Each structure stands twice: as C-alpha cells, then as structure tokens.
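Residue-level listing of the chains:
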Amino acid sequence: MSGEVGEDGGVIAALKSLPKAVKITLAAGSVIGSSLAMAGLFESFIRFMENKRFKPAGKFLETSKGAVHYVYRKCTSESESMDRPILILDSGIGCWSLVYRTHLEEFAEITDVLVLDRYGYGHSSYVNDGSNRIIDHVDNLETVLKLLEIDQPILFLAHSLAGVSATCFARKRKSSIHSLTKACFVLCLSSKSCFKVSLAFLLNFACFAAVRNKTRMAGVIYIDAMTRGGAELFAEKMATRRNTSKTGYLGKFLSHVGGLRLLTYLGKLPTVGAYARELLPELVRTTTKWEWFSSFKMDLESCLQCYGLVENQVAEELVHESEGCLDDIPIAVLAPDYLSHSKLIEPGMLERVTQAQKNAANFSSDSKFVTIQDCSHWVMWDKPDVVLDTVWDVISRYEKSTENRIPPETGH
C-alpha cells in the first residue's frame, strides 16, 4: 500500500514512533515554514496594493538598460522663469525624488524644476550590469534635458552623494564650451584670407552664442555633499564591510517575507528618520525591497570608482576635482553642524569632513561656504528656508555675472 511504511502501520504510525526531540523539531519546522509562507503571501499582497496606491509622479525615460523616472515642473509664473536657470534637484545615496516631494511646488514658484531618479529607486528599473551608476545617471540627465528641449542655463542642487554627479555634470558642460571655442579659434587661425578670417570669426561668435545658454552652468549648490575627501573616508571605514559582506541571500529572504518592512517601521534601517512622516508609507514601498539595498551598495561602489578608490582594482579616475576646476561658476556649499555634536565621531574625522567640504568651495572663484547651525544631514527638511534663500542667491549671482559679461546696449 502506498501509505504504509513497513508491515505494521502507515506514515502516522511511523511518525508516532519517532523520538520526542525529532517530533518537536518537525512540528516547529512545520509551524515556521507555514508562517513564512503566509508572511510571503502577505508581503506580496501589500506590494500589490502599494503599486496600485502610489503611482509615478512624473514620466519615464526609456534607456537601453531600463526605465528611469523623472519629474519636470514648469514654473508657475512663466514671465518670471523665462530667463532663469532650470533647477535640477539631485538626491543622495539610497534616495530619490521623494525627498523633494514637498518642496517641488515651492521651487516651481521660482523657476522650472527637474528631478531624475537613479536606477533601482522609486519607480525606476533595477539595473545591475556592472556599469558606473553615477556616470549612467549623468548620461541619463543629459538625455532627459535633450528630450525636454531645455535651453536654459542649469543650476544643479546636489545633496550628499549627488555632489559627485554635480561635479561630473558641471565639468562636462564646461568642457563642451571650451571644446567649441577652441575649435572655432583654430578655424580662425587656419584661415589665411581676410574674408575667411572674418567668416570664421562670425562663425565662432554665432556658435558660441547659440550654445552659451544650453551648455552654461548657472551654478552648483552642494548640500552636505560628497567630494573626494568624503569618498576617501568611506573607502577607509567601509573597506572591511564591503569585502566581507555576506548578507545578500539573507536580505533577499527578509525582503520576501516582510522582515525588511518590519525593521523599517521599527526604525532599524537607514534613511527612515530623514523623511517626513506622511511620506513614510511611500518610502517603504522601495526600501523594503532587496533591490534598494543592492542599489544602495552599488551607489557607494560607483562613488569610490569615480575617484579611483576601489580596492584591489586599478581604476581610472572618472571625476576630477581640483581648485578652480569649475572656473567662475557660482557655487554654494551648505555644511550642517550635526557631526560636531555627535559623540560617535572619531577624533580627527570631523576636521577631515569639514576640510573636504571646504575643498568644494575652492572649485570656483565665485563661491560661498555656509555652516548651518542645529541641522542634520537632511538640510532640505530641517532648514528649507536656508535652501530656498541659497537658490535665490546663486541665481542672483549668476544673473549678475552674465550682466557683467554682456555690454549694455547703447541708446540712440
């Protein structure tokens, strides 16, 4: 008989004959297995409801790697924004456009606003192809600007890790102007006749005038932002964790059975306290997925790779920082003071962090360094008025610099 085991009984009899310890183990395993299965089904149901509840706030850019979500807001007063720079808001490691959700409309009262999410965050596709995520992000940003036919100068507001993206983006924009000017200047020199010289000069002027606004950076605002000095600290402090991390399978398991969701609501995972409480339900839609943790780690690795700091790898430095590397682009560096009040910070680290932020102020000859009192890493949440005033200040400095470059028209 199919249900029998031996001559004197079936499966039930065989189980009854097992030692007590084995019976307890099997019973416990059955209960745990059933509980995990139910938890997995419950987590799947919650995610289904979250996807129905939280729709994308913007649109998508389809790339060869996946879709990236972006939010674009036109200025609510078109007459005000006509000649103003577009404001690009870029978030730090593990974050996306959600961190600027409550500020978008306020910024849109000043000028046009664009926020682009990185792969793996919010509604963007998860991508793990080994490429540098920061370079991918900068390339995607350029593509979105072309798609939207943006012809305004660009003011880049970068928080945390986005400081690397901002510097990379600004240097690319600066180099495009220099390359164009150099090419036209060579054309002038290579022309021998007066007619050709004049034609080349006019071409030089026309080309530069045509792309001046499209390529020019109106400014960069670094908010407690990452620079090479900060990346070096990460490389020193996180090397052991990066090399010995074996949490991949555990993280995926916890994600599927709702363990990450529980830890998030208990406040045991990073970034939770940084968001407004009313956004927490939408926050956990992303942070309870293993893809978020994987993207978080890849962001950090990409940052180190940008500065050639990846351990045991000979990597080309992708982002070059030096005094004056951004010429005279208006810059503001906002440095919150929370580390100076921390009892956990190691001796000497505060000085290194402060110096790294001051180095960013040296990227341009037109810069301001502002220390913000009683403020956490999340300046946009703790001191929104300071951020708003800084946006106005940088726009004003940019407009003043352009007025000084363009001779006033003479009256008749």
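Please refer to the structure higher up on the page.
Procedures and definitions
Residues numbered from 1 in each chain as written. Predicted model: local features only at pLDDT ≥ 70, side-chain atom pairs only at ≥ 80, totals over all residues. Heavy atoms only, no water. Buried < 20%, exposed > 50% of the residue type's maximum accessible area, 1.4 Å probe, protein only. Helix = DSSP H or I, 4+ residues; strand = E, 2+ residues; numbered from the N terminus. Contact = heavy atoms within 4.5 Å. Expected span 1.5 Å × (residues − 1). Polar contact = N/O pair within 3.5 Å; in protein donor to acceptor, adjacent residues only side chain to side chain. Lys, Arg positive; Asp, Glu negative; His and termini not counted. Salt bridge = Lys/Arg side-chain N within 4 Å of Asp/Glu carboxyl O. Axes fitted to C-alpha atoms, helices over the stretch in contact; angles between N-to-C directions. Parallel < 35°, antiparallel > 145°, perpendicular 65-115°, else oblique. Phe/Tyr/Trp six-rings, centres within 6.5 Å; stacked < 30°, edge-to-face > 60°. Lys NZ or Arg CZ within 6 Å of the ring centre and 35° of its normal. Pairing = 2+ DSSP bridges.

*Asks:* In this structure, what is going on with helix H11 (residues 280-287)? I would like to understand it.
*Replies:* Counting buried positions along H11 gives seven out of eight residues, so the element sits mostly inside the fold. Every buried residue of H11 is listed here: Leu280, Glu282, Leu283, Val284, Arg285, Thr286 and Thr287. The secondary structure elements touched by the buried residues of H11 are helix H2 (20-53), helix H10 (259-265) and helix H12 (290-306).

*Asks:* I keep staring at helix H5 (residues 133-147) and nothing clicks. Help me out?
*Replies:* For H5, which comprises 15 residues, the first-to-last C-alpha distance of 21 Å matches the rise-based estimate of 21 Å (1.5 Å per residue) to within 8%. By the burial criterion, the buried members of H5 are Arg133, Ile134, Asp136, His137, Val138, Asn140, Leu141, Glu142, Val144 and Leu145. For H5, the N-terminal capping position is held by Asn132, with its side-chain oxygen 3.0 Å away from the main-chain nitrogen of Ile134. Phi turns positive one or two residues past the end of H5, at Glu149, with a value near 55 degrees.

*Asks:* I tried to follow the side chain of Glu321 on my own but got confused; where do I start?
*Replies:* Note that Glu321 resides in the loop between H12 and strand E7 (331-336). In this structure Glu321 is buried but unpaired, with Arg228 as the nearest side chain of opposite charge at 6.7 Å. At a separation of 3.0 Å, a polar atom in the side chain of Glu321 contacts the main-chain amide nitrogen of Arg228. Here the side chain of Glu321 touches Tyr307 through a polar contact of 2.6 Å, side chain to side chain. Apart from residues lying up to four places away in sequence, Glu321 is in contact with Thr167, Thr227, Arg228, Tyr307 and Phe363.

*Asks:* Whenever I open this one, the packing of H5 against H12 confuses me. Can you help?
*Replies:* Two numbers describe a pair of packed helices, the interaxial angle and the distance between the axes. Running from N to C, H5 and H12 cross one another at 90 degrees; their axes reach a closest spacing of 7 Å. With respect to H12, the axis of H5 lies roughly perpendicular. Side by side, H5 and H12 meet where Arg133, Ile134 and Ile135 of the first sit next to Ser295, Met298, Asp299, Ser302, Cys303 and Cys306 of the second.

*Asks:* Got a minute to help me understand the packing of aromatic side chains in this structure?
*Replies:* If you walk through the whole model with that rule in mind, you get six aromatic pairs. Relative to Phe169, the ring of Phe156 lies with its centre 5.5 Å away and its plane at 55 degrees, an arrangement referred to as tilted. On the criterion of sequence distance, the pair formed by Phe156 in strand E5 (residues 154-159) and Phe169 in helix H6 (residues 162-190) is long-range, its members being 13 residues apart. For the pair Phe156 and Phe169, one class covers both residues: buried. Seen from their ring centres, Trp290 and Phe293 are 5.9 Å apart, and the 10 degrees between their planes marks the pair as stacked. Here Trp290 and its partner Phe293 are both found in helix H12, three residues apart, which amounts to about one turn of the helix. Here Phe293 falls in the buried class, since its relative accessible area comes to 19%. Taken together, the ring pairs connect Trp290, Trp292, Phe293 and Phe296 into an aromatic cluster. For the cation-ring pair, Arg133 lies above Tyr121, with the distance from its terminal atom to the ring centre recorded as 5.5 Å.

*Asks:* Could you clarify how one ought to interpret the sheet that holds strand E8 (residues 367-372) in this entry?
*Replies:* What links the strands of a sheet is backbone hydrogen bonding, and the strands pair in either a parallel or an antiparallel sense. The eight strands lie next to each other as E1-E2-E4-E3-E5-E6-E7-E8, forming an open sheet whose pairing is mixed. Edge positions in the sheet fall to strand E1 (59-62) and E8, since each has one partner strand and no second. Looking at each pair of strands side by side, their axes are set apart by 20 degrees on average, direction ignored. Of the strand pairs in this sheet, E7 and E8 are connected by six bridges, and their pairing is parallel. The partner of Leu334 across the bridge, within E8, is Val370. Strands in contact with H5 are E1, strand E2 (67-73), strand E3 (86-90), strand E4 (113-116) and E5; relative to E4, the strand with the most contacts, it is inclined by about 140 degrees. Packed on one face of the sheet, helix H13 (residues 349-361) meets strand E6 (217-223), E7 and E8 and runs near 165 degrees to E7.

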